[in-house]
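Secondary and tertiary structure notes
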Amino acid sequence: MGLQWGFINTINNFWITAYETLRERIMDTERKASLGGNMWLTSDEEKANSILMNAKRAEIAEGLKNPEKYPPAMHFFQGKQFVRQSEVFRFIQKMPKGAFLHGHNTGMVSSRWIVGNLTTTSNLYTCRDVRGLLIFTYDQSRCHSEVQNVCTERINAEDRDKYERQLERHINMHCSRPEALLRNRTKIWERFENIFTTVDRLYKYRPTYCAYHKRLLEELCEDNIIYAEVRASLSPLYDDNNRTYSTLEVANELERIVEEFKAKHHDFVGLKVIYAKRNRASEEEMARRITTFKQLHHAKPNFVIGFDLIGQEDTGDRIKKHVNELSNFPSTANYFFHAGETNWNGVSDWNMMDAILLNTKRIGHAFALPKHPQLWATIKRRNIAIEVNPISNQVLGFVWDLRNHPASFLIAENFPIVISADDPGTWGAKGLSYDFYYAFMALAPAEADLRFLKQLALNSIEYAVLTPDERRKINRVFQRKWQEFIANVLNPKY
Ligand SMILES: [Zn+2]
């Protein structure tokens, strides 16, 4: 009997070893096929990776014990306080993140900074517009209520901080119970779009426009970002002398701000503009926009680099409606369409198909992409980058738990993706760090490591629109900053 049991045990052990080997092999194959999975790390990078992964494993272990306090599984508004305590987050904050490729200029700067710095001039007022919405304004032309001087109100306020927090509420999506909002996505979008109406007149005043965009560049640098491509409408500005600045003059103004900033910050490679307009228009209006874009691009081919349509996709025009106007496009320019930012399947998500047929350079969101194998195969073959904005998708109500974000599939399949932040200033994020954190902790698998994060940064550079000179510079700056970062991580003072 003993001999027989021994034999069975041997067989059993052999079977278990084979089983374990097979398991290992499957996991290893998945790991290598995923985003960053094949990257080689230097020995210093390996050491930094161990530090990062010890922190990540500890945070996951803690999350398994206390899932209700695990920020990657929480809504950003509720999880942010815990994210800020995370060692992984602090690692990501210090990490060079390359380029910011999906952001809307007027939604990028922190609302706290705006209230503290752009609402302090004596000529600024608030009032209610025709719809009863609070707007900031320097004149009274849009006011349909009593006008309040912001400076006077601030001085008279019993509690200045409280007054500023109240003002900030008009330009920030934050709410303590986001689950209550989520039931009505139309409401969420209404609130989101109201923010841009509230600040519209504020940013159209030239001095404020300039201060705002200087701060935008500073916030990018503070988050270790060295380049950006932002969606902007370049709407006319006005100043104290009642002079109006045309769209081309606004482009000049913005370019000047960027060049001045670059002269003081030698590592900053630049900022370029994707001319972005609302996704609802008549055929004539769309044709006019394309004409304006062509003039801008002709005058500044390396600054106004492309075109996009923005706004809630489910209720906006389909790209297909404007194919005629959009097909007449300069060969040196690019499309960067928002497409597939929807929970629908087989409705507005077909915008992704039209974006591809119109030869888009990148796609904003493509949240619905995993539902369309024909499209995803083409995107992979043609190397069209997907701009994934995790927190935006959550705040705007497409997904609650970011561990269920569809980009997990794109990460597993090593699609050309970049992580971006859309309108971080309107929901209390800053730069890319919070979105990188969610990508790393919620979208990617538990074992995704420094390779994943470095690949995301490298992707952002690869899919940016750069001249050969700019590309050489960004690669040089990034490599140096990356080495400094790794050295800092390994330095005991870190
Ligand atoms: Zn966007």
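Residues numbered from 1 in each chain as written. Predicted model: local features only at pLDDT ≥ 70, side-chain atom pairs only at ≥ 80, totals over all residues.

Going by the annotation in an unreviewed UniProt entry, the name recorded for the protein chain is Adenosine deaminase, with Drosophila willistoni given as the source organism. We quote the UniProt Cofactor (unreviewed entry) comment for the protein chain here in full: "Zn(2+)". Reading the Sequence similarities (unreviewed entry) entry of the UniProt record for the protein chain gives the comment "Belongs to the metallo-dependent hydrolases superfamily. Adenosine and AMP deaminases family. ADGF subfamily." (UniProt positions renumbered as here; feature names shortened; annotations may be inferred.)

Considering the overall build of the protein chain
When its secondary structure is counted, the protein chain shows 20 helices and 14 strands. In terms of overall size, the protein chain behaves like a compact globule, its C-alpha atoms giving a radius of gyration of 25 Å where 494 residues would be expected to give roughly 23 Å. For the protein chain, the spread of C-alpha atoms along the principal axes amounts to about 100 × 55 × 45 Å. Taking all 494 residues of the protein chain together, the buried fraction comes to 41%. Long-range contacts, defined as pairs at least 24 residues apart, comprise 75% of the intrachain contacts of the protein chain with a sequence gap of at least 6. (Helix = DSSP H or I, 4+ residues; strand = E, 2+ residues; numbered from the N terminus. Rg over C-alpha atoms; globule rule 2.2 N^0.38 Å. Buried ≥ 20, exposed ≤ 12 C-beta atoms within 10 Å, placed from the backbone. Contact = placed C-beta atoms within 7 Å.)

Focus: the UniProt feature "domain: Adenosine deaminase" (unreviewed entry) in the protein chain
UniProt's feature table lists "domain: Adenosine deaminase" (unreviewed entry) at residues 189-475, given in the numbering used throughout. Annotated as residues 189-475, this span is 46% helix and 15% strand, and its ends, taken at the C-alpha atoms, are 38 Å apart.

Let's talk about the domain arrangement of the protein chain
According to the domain assignment, the protein chain consists of domain 1 (1-33), domain 2 (87-110 + 203-482) and domain 3 (115-179). Relative to domain 3, the C-alpha centre of domain 1 lies at a distance of 67 Å. (Domains from an automatic or database assignment.)

Section: the sheet that holds strand E11 (residues 338-339)
Overall, parallel pairing links the four strands, which are arranged E11-E12-E13-E14 in an open sheet. Two strands bound the open sheet, and with one partner strand each, they are E11 and strand E14 (417-419). As paired strands, strand E12 (residues 362-365) and strand E13 (residues 385-388) are joined by three bridges and run parallel to one another. Following the sheet pairing, glycine 364 is matched in E13 by glutamate 387. Sheet strands in contact with helix H19 (residues 450-462) are E13 and E14, and its direction is about 105 degrees off that of E14. (Pairing = 2+ DSSP bridges. Axes fitted to C-alpha atoms, helices over the stretch in contact; angles between N-to-C directions.)

With respect to the packing of helix H2 (residues 43-65) against helix H20 (residues 468-490)
In the contact formed by H2 and H20, the axes pass within 9 Å of each other and the chain directions differ by 55 degrees. In this view, H2 runs oblique relative to H20, as classed from their interaxial angle. Considering how the two elements wind past one another, H2 and H20 form a crossing that is left-handed. On H20, the residues touching Asp44, Glu45, Lys47, Ala48 and Ile51 of H2 are Ile486, Val489 and Leu490. When the residues that make up the contact of H2 with H20 are grouped by side-chain class, the tally is five nonpolar, no polar and three charged. (Parallel < 35°, antiparallel > 145°, perpendicular 65-115°, else oblique. Left-handed = near helix turned anticlockwise from the far one by under 90°. Nonpolar A, V, L, I, M, F, W, Y, C, P; charged D, E, K, R; others polar.)

Regarding the sheet that holds strand E9 (residues 304-310)
As a general point, the strands of a sheet are linked pairwise by backbone hydrogen bonds and lie either parallel or antiparallel. Strand order in the open sheet formed by five strands is E1-E5-E8-E9-E10, with parallel pairing between adjacent strands. Whereas interior strands pair on both sides, the edge strands pair on one side only; in this sheet they are strand E1 (98-104) and strand E10 (334-335). Here strand E5 (residues 225-232) runs beside strand E8 (residues 270-278); their pairing, made up of six bridges, is parallel. Within the sheet, the bridge partner assigned to valine 230 lies in E8 and is valine 273.

Things to note about the pairing of E1
Extensive coverage of E1 is indicated by the burial of seven of its seven residues. Direction of pairing for E1 relative to E5: parallel, over a ladder of five bridges. If you follow glycine 103 over to E5, its bridge partner there is valine 230.

Comments concerning the nonpolar core
The biggest cluster of nonpolar side chains holds 119 residues, and the ones touching the most others in it are Val273, Met352, Tyr437 and Phe440. Sorting elements by how many residues they give to this core places helix H18 (residues 433-443) first, with nine residues. Of the residues that make up this core, three or more belong to each of domain 2 (87-110 + 203-482) and domain 3 (115-179). Aside from chain neighbours lying at most four places away, what touches valine 273 is Val230, Ala232, Leu234, Ala251, Leu254, Phe303, Val304 and Ile305. (Core = buried A, V, L, I, M, F, W, Y, C linked by C-beta atoms within 7 Å.)

Regarding the UniProt feature "domain: Adenosine/AMP deaminase N-terminal" (unreviewed entry) in the protein chain
Taking the numbering used here, the UniProt-annotated feature "domain: Adenosine/AMP deaminase N-terminal" (unreviewed entry) corresponds to residues 12-92. Split by type, residues 12-92 is 73% helix and 0% strand. Its first and last C-alpha atoms lie 46 Å apart.

Observations regarding H2
Over its 23 residues, H2 extends 33 Å from the first C-alpha to the last, a length consistent with the 33 Å expected when each residue adds 1.5 Å. For H2, the set of buried residues is Glu45, Ala48, Leu52, Lys56 and Glu59. Summarising the contacts, the buried residues of H2 are in contact with helix H4 (87-94), H19 and H20. (Expected span 1.5 Å × (residues − 1).)

Focus: the environment of isoleucine 461
Tracing the backbone through its elements, the reader meets isoleucine 461 in helix H19. According to the C-beta neighbour criterion, isoleucine 461 is buried, with 20 such atoms within 10 Å. A sequence separation of 133 residues divides isoleucine 461 from asparagine 328, and the C-alpha atoms of the two residues are 28 Å apart. Beyond its immediate stretch of four places on either side in the chain, isoleucine 461 contacts Gly98, Ala99, Ile474, Asn475 and Phe478.

Details of the environment of alanine 355
Inspection of the secondary structure puts alanine 355 in helix H14 (residues 351-357). Counting along the chain gives 127 residues from alanine 355 to alanine 228, while the straight-line C-alpha distance between them is 22 Å. Not counting chain neighbours up to four residues away, the residues in contact with alanine 355 comprise Ile319, Tyr335, Phe337, Ala339, Thr360 and Ile363.

Some remarks on the packing of helix H10 (residues 206-222) against helix H11 (residues 247-264)
Relative to each other, H10 and H11 sit at 45 degrees, their axes nearing to 10 Å. Between H10 and H11, the crossing angle belongs to the class labelled oblique. Crossing of H10 against H11: the hand is right-handed. Contacts between H10 and H11 pair Cys210, His213, Lys214 and Leu217 from the former with Leu254, Ile257, Val258 and Phe261 from the latter.

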